[in-house]
Amino acid sequence: MKTKETYRCAACGAQSPRWQGQCPSCKEWNTLETVTVTKRTSAPVGAAASQSSPQLLEGLESEHLGARPSGLPSLDELLGAGLVPGAAILVGGEPGIGKSTLLLQLAGSQARLGHTAVYLSGEESLPQLKARADRLGLLGPGLLALATNKVEDALAVLEGHEPPELLIVDSVQTLASPLAEGIPGSVSQVRAVSSELVEKTKKTGTTLILVGHVTKDGQIAGPKLLEHMVDTVLYLEGDRKHFSRILRVLKNRFGPSDELVVFTMKERGLEVVEDPATFFLGARDPSLSGTAMAMAVDGQRPFAVEVQALVSKSFLTIPRRTALGFDTNRLNLLLAVLEKRLRLNLSGHDIYAKITGGLASRDPGLDMAVVASVMSSFYDQPLPESSVFWGEIDLNGQVRPVAAHDVRVKQAARLGHDPVCHSATAPTLADLQRLLFGKR
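Described in the following lines is the structure provided in the data block. Predicted model, so just to flag it, every value in this text is computed and none were measured. (Residues numbered from 1 in each chain as written. Predicted model: local features only at pLDDT ≥ 70, side-chain atom pairs only at ≥ 80, totals over all residues. Heavy atoms only, no water.)

Focus on the pattern of salt bridges
What counts, and what does not: Each salt bridge in this description consists of a side-chain nitrogen of Lys or Arg and a carboxyl oxygen of Asp or Glu lying within 4 Å of one another. To qualify as a helix, a DSSP run of H or I must reach at least 4 residues; to qualify as a strand, a run of E must reach at least 2; elements of each kind are numbered from the N terminus. Per-residue accessibility, obtained with a 1.4 Å probe over protein chains only, is compared with the maximum for each type, and a residue is labelled buried under 20%, exposed over 50%, and partly exposed between these values.
Overall, the coordinates contain 14 salt bridges when judged by the stated rule. Note that Glu199 is salt-bridged to Lys203, the shortest N-O span being 3.9 Å. Of the two residues, Glu199 and Lys203 are both situated in helix α5 (residues 187-204); the distance of four residues between them amounts to about one turn of the helix. Among the residues examined, Glu199 registers a relative accessible area of 31% and is labelled partly exposed.

Here we look at the state of the cysteines
For clarity, the cut-off: Cysteine sulfur pairs qualify as disulfides if the two atoms are within 2.5 Å.
Going through the model one piece at a time under the given rule, you end up with zero disulfides. Not engaged in a disulfide, the cysteine Cys9 finds its nearest cysteine sulfur in Cys23; these two sulfurs lie 3.6 Å apart. Taking the relative accessible area as the measure of exposure, Cys9 reaches 3% and is therefore buried. For Cys23, a relative accessible area of 1% gives the class buried.

Things to note about empty space enclosed by the protein
How we decide: Points on a 1 Å grid, built from protein atoms alone, make a cavity when a 1.4 Å probe fits but cannot get out and make a pocket when they are open with protein on both sides within 12 Å along at least 5 of 7 lines; residues with an atom within 4 Å of a point are the lining residues. Grid points are joined across faces, edges and corners, and a volume is the space filled by probe spheres set on the points. Throughout this entry, Asp, Glu, Lys and Arg are counted as charged residues, while Ala, Val, Leu, Ile, Met, Phe, Trp, Tyr, Cys and Pro are counted as nonpolar. The remaining residues, Gly among them, count as polar.
Within the structure shown, the criterion is met by two cavities of 30 Å³ or more. Forming the walls of the largest cavity are Leu75, Leu79, Ile89, Val91, Leu102, Leu103, Leu106, Ile209, Leu234 and Leu247. Among the secondary structure elements, those contributing two or more residues to the lining of the largest cavity are α1 (73-79), β4 (88-93) and α2 (99-112). With three residues, the single largest contributor to the lining of the largest cavity is α2. Of the residues contributing to the lining of the largest cavity, the split by class is ten nonpolar, no polar and no charged. Computed from the structure, the second largest cavity encloses a volume of approximately 40 Å³. Forming the walls of the second largest cavity are Leu79, Gly82, Leu83, Val84, Ala87, Ile89, Thr232, Asn252 and Phe254. Residues that form the lining of the second largest cavity fall into these classes: six nonpolar, three polar and no charged.

This is the structure we're talking about:
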């Protein structure tokens, strides 16, 4: 037990952490009185009640997950086993990217399947939640909602006569616990709130989904302990100016951790893109110079994406180098290799490169497509209409093989691409230049 002194207004009962001449709530003067508050301290999550001797793993029975369908087949495939009772899932993403929409759709799907789902919001009121659910066509029996900023209210839901099978907390940074100091969203509060919720859901068998805010660097806010504490970490990303969204698995104790699902934002919420192989291409004109088709792989899924480059004469002392969708430093590295190995004079040109469709990728296999599009724009010659590229370019101008080569080959054959340029068909940049433009 821990004691602490606080100040309570004799007129309205509001509490304040420090003494003030005027009550901040009712504005009465000289009404704050000293009150001693006793708080209980919580034990660390997962702490064992007693020590036990080691056991032989071979003789233990395998634990049955007992996962249930979420109502969204693509999400079940992403998680590997559906919604596992007692599991804790953390969902992160930029503001306005669609986290609340996706999770409200999940709660509605669970309600339609006959499961009890509670959507706890610390950011929206109940009328706002109803308006959103009505717009998405999710209103119906079994979908419950609660608007609060107190973790005690969430714990009371879990301690009820029939705990819900799914509890969504949007978001963990908006709840406050009396076991910790600080304002909601602080490190101590996030740690205390998440610890209490995870511990309680493990006992009740409720599937817990926590929504986490992100920092300006795109990292999930709060202590790193939060990501270690949960069983699964999902991240919803995309450009808010485009309709595409990608839900990635960053950590998963119940299935693969390198899967993703592509969604598109529609009037009735997020809809799964069943075949995302060509989703990011859009309307493409292969007769223009400076465009190349790349077969990228993200997770285990191959995507055909268009890489564009523009090389134009510069009138600046230091020419511009801009990349959208991949690292600018990687673009500078590839341009330096082109200048050194193919003796292309790029020092007097502004060079811009991008991946179309709002997709961002770190796949090293994009190197070959970037180089091909830059050369196409530099020579002002279009590439072969159905050509496709993948391969990593090293500093010696060699094309290295990349992961998931067989997956890319099969996808390129399914889409009818020819010629297919990779490390086997064009081992060096000089071979690629000769193959595409007939130059030495």
